[in-house]
Amino acid sequence: MAIDLAKVYKPHSGQEALHAIEAKTKVLTVGRRWGKSRFALFEGLSRFVEKMQGPPVSPDLVPPFHMWIVVPSFPQARQVWNEVMQLVRPTGLIGEADKENWFFYLNGNVACKYGLVEIKSAAPQSFESLQTVGLDYLWLCEAQDITEEAWEKILPVLRSPGRMGYAVIEGIPPLYPDHWFH
């Protein structure tokens, strides 16, 4: 399956420069309306394409590609969900989608569920669920609103055998200089 993300995403010069950087973790601390979410989304989809076109994945690795989008709370996930659905559906990449449970599958080829994307909340009552998996890609959305305790739960999921371990951590500058994201 040939996937052309350029049909649905035209990065501006700042986004282009960041996409070109070869780093496992990219941190974006920029103002509102810069395009942090689109950058993070398409950075993740690029990693999906990279893994899908790479060497075969061990059958023990389920799903073959695993991505989390971690938001401060589920109400803040609505914008992410709506943007992802609007931008990615035209590519044919999205298979089954379940908004009630905040996940969707990415098609690797015709009728093949190759990737799993889950939207997770970092709210204090739910951040205990932010552990025990390995991720190929993490998009930490609005990091200035996520607690350090939640971040410490999330960090180990990027260090798992067989997983790519890429991350984009994005948000606006935090209000307090002692915030972990600062």
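As a reminder, the structure under discussion sits directly above these lines.
Rules of the game
Residues numbered from 1 in each chain as written. Predicted model: local features only at pLDDT ≥ 70, side-chain atom pairs only at ≥ 80, totals over all residues. Heavy atoms only, no water. Phe/Tyr/Trp six-rings, centres within 6.5 Å; stacked < 30°, edge-to-face > 60°. Helix = DSSP H or I, 4+ residues; strand = E, 2+ residues; numbered from the N terminus. Buried < 20%, exposed > 50% of the residue type's maximum accessible area, 1.4 Å probe, protein only. Core = buried A, V, L, I, M, F, W, Y, C linked by side-chain atoms within 4.5 Å. Contact = heavy atoms within 4.5 Å. Pairing = 2+ DSSP bridges. Right-handed = clockwise from strand over helix to strand, strands pointing away. Salt bridge = Lys/Arg side-chain N within 4 Å of Asp/Glu carboxyl O.

Q: Would you mind going over the packing of aromatic side chains in detail, with residue names and values included?
A: This model, assessed by the stated rule, comprises nine aromatic pairs. Seen from their ring centres, Trp-81 and Phe-104 are 6.0 Å apart, and the 80° between their planes marks the pair as edge-to-face. Residue Trp-81 is found in helix 3 (residues 74–88), and its partner Phe-104 is found in strand 4 (residues 103–109); the two are separated by 23 residues along the sequence. We classify Trp-81 as buried; its relative accessible area is 7%.

Q: Quick rundown of the nonpolar core? Include the residues and the values.
A: With 36 residues, the main nonpolar core has Ile-69, Val-84 and Trp-139 as its most contacted residues. For this core, the elements supplying multiple residues, two or more each, are helix 2 (36–53), strand 2 (65–71), helix 3, strand 4, strand 5 (112–121), strand 6 (137–140) and strand 7 (166–171). With near-sequence residues (within four places) excluded, Trp-139 lies in contact with Ser-37, Ala-40, Leu-41, Met-67, Trp-68, Ile-69, Val-70, Val-80, Val-84, Val-168 and Glu-170. Judged by nonpolar contacts, the second largest core, of 18 residues, contains Val-70, Phe-127, Leu-130 and Leu-140.

Q: Before we move on, could you go through the pairing of strand 7 and cite the residues and values that matter?
A: Most of strand 7 is tucked away: six of the six residues are buried. Residues Tyr-166, Val-168 and Glu-170 point to one face of strand 7 and Ala-167, Ile-169 and Gly-171 to the other, with burial holding for every one of them. Of the strand pairs in this sheet, strand 1 (residues 25–29) and strand 7 are connected by five bridges, and their pairing is parallel. The partner of Thr-25 across the bridge, within strand 7, is Ala-167. Where strand 6 meets strand 7, four bridges bridge the pair, whose relative direction is parallel. When the bridges of strand 7 are listed, Leu-140 appears paired with Ile-169. Between strand 6 and its parallel partner strand 7, the chain crosses via helix 4 (residues 148–154), and the hand of that crossover is right-handed.

Q: Please give an account of the pattern of salt bridges that cites residues and values.
A: One pass over the full model with this rule turns up six salt bridges. Among the salt bridges present, the one from Arg-38 reaches Glu-83, with a minimum N-O distance of 2.7 Å. Taken together, the residues span a long stretch of sequence, with Arg-38 in helix 2 and Glu-83 in helix 3 at a distance of 45 residues. Using a relative accessible area of 40% as the deciding quantity, one classes Arg-38 as partly exposed.

Keep in mind these numbers describe shape, not what the thing actually does.
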